[in-house]
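Chain residues, written in single-letter form:
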Amino acid sequence: MTATALDPQATLAWLQTRRSTRTFTAEPVPRAVLERLLEAAITAPSNSNRQPWKYVIVESPALRRQLVERVRAAAEALAAQLARGPHAEEFGGYGDFFWQPLAAAAVLVLPCVRRLPDTLGALLRSAGVEPGALQLPGDMPMEVCATSAGVMAMMLQAHAEGLGACWMAGPMIAARELEQLCAIREPELPASEGFHLLGALALGYPDDAARAAAKPPRRPLALHARFL
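Residues numbered from 1 in each chain as written. Predicted model: local features only at pLDDT ≥ 70, side-chain atom pairs only at ≥ 80, totals over all residues. Heavy atoms only, no water.

A. Highlighting the side chain of S46. Assignment of secondary structure puts S46 in the loop between α2 (31-41) and β1 (53-58). Not counting the four nearest positions on each side in its chain, S46 is found in contact with Q51, P52, W53 and A146. (Helix = DSSP H or I, 4+ residues; strand = E, 2+ residues; numbered from the N terminus. Contact = heavy atoms within 4.5 Å.)

B. Region of interest: the environment of R176. Structurally, R176 is set in helix α8 (residues 175-181). Linking R176 and H196, residues 20 residues apart in sequence, is a C-alpha distance of 8.8 Å.

C. Spatial organisation of the nonpolar core. Counting 27 residues, the largest nonpolar core has L102, L110 and I184 as the members making the most contacts within it. Looking at this core, the elements with two or more residues in it are β1, α3 (61-82), β2 (107-114), β3 (164-168), α8, β4 (195-197) and β5 (200-204). Per-element tally for this core: the top contributor is α3, with five residues. Excluding residues within four positions of it along the chain, L110 makes contact with K54, Y55, V56, V58, L67, C182, I184, L197, G199 and A200. Judged by nonpolar contacts, the second largest core, of 21 residues, contains L34, V107, V109 and A146. (Core = buried A, V, L, I, M, F, W, Y, C linked by side-chain atoms within 4.5 Å. Buried < 20%, exposed > 50% of the residue type's maximum accessible area, 1.4 Å probe, protein only.)

D. Looking closely at the pairing of β3. Across the five residues that make up β3, a large majority, four, are buried. The pairing of β3 with β5 spans five bridges and is antiparallel. Directly across from W167, in β5, lies its bridge partner L201. (Pairing = 2+ DSSP bridges.)

E. Structural view of the pattern of salt bridges. The tally for this structure, following the rule as stated, stands at six salt bridges. In this structure, E59 and R31 form a salt bridge, with 2.6 Å as the shortest nitrogen-oxygen distance. Separated by 28 residues along the polypeptide, E59 in the loop between β1 and α3 and R31 in helix α2 bring together distant segments of the chain. Its relative accessible area of 31% is what places E59 among the partly exposed residues. A salt bridge links R211 to D208; the shortest N-O distance between them is 3.7 Å. On the criterion of helical spacing, the pair formed by R211 and D208 is a turn pair, its members being three residues apart in helix α9 (residues 208-212). With a relative accessible area of 52%, R211 lands in the exposed category. Taking relative accessible area as the criterion, D208 reaches 63% and is therefore assigned exposed. (Salt bridge = Lys/Arg side-chain N within 4 Å of Asp/Glu carboxyl O.)

What follows is the structure, encoded as C-alpha cells:
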C-alpha cells in the first residue's frame, strides 16, 4: 500500500497540539481503539527488526487500583526518607504526580522492553577482543530506544483518537511490584534477560479541565538544535 502524503504544515500544527493529559473522564476506551493504539506502537523501528517490546493493557479496575496503591505506597516511603534531609519541601506534593494520573486513567498501558544479547560483542569475544575496549552500537540502549519510539507512536495514535495520555517515569519507583502483579517477568529466564517495565502510560478521554489547560510552552528551537 502506498503511503498518502500529508500536508507538512498541517501535520506539524497537529503534532504541536499534543500534550500530556493527567485528568480523565470515566468513559471507557473501546477495545477496537486500544487495538489501533497497539498497531500504531508496533510500527516503530527496531534494531535488526528485533521488536523487543511488549505492551500490557490493564483494563481491570481492581488490578488498576492495586497498581496505583503500590506506586502510592512507594511514593510515600520515598517522601518519608526525604523528610530526614534538608530538601523534603522540594519534593512536597510532587510525589502525588507519581500515582494520581494512574488513578484517574480509564486504562493503564505498561510498556515493557527486553534487552537482547549483544551479538557483535559476542563475535568480538570469540575473536579474542574485549568489547569494552571499543565503541559499539550496544553502548546505545537500542531496545529501550525502539520501545520508546513505539510508545510515542501509540501516544500520537491516541491523540488522533481523541484520547489523552501521559507517559510516566514515576511508577518506576515500584517497578518490581508492578512487574510481579502483571506477571511481566518470565520466571524461566534470568532477570537480566526478561522483560522489564519502561514506565507506565495513563490513558483515557480528557476531562474538561484537561482540555482547557494551556499546553506548557516549548523552549526556542535554537536552544535544542544545531545545523552544521
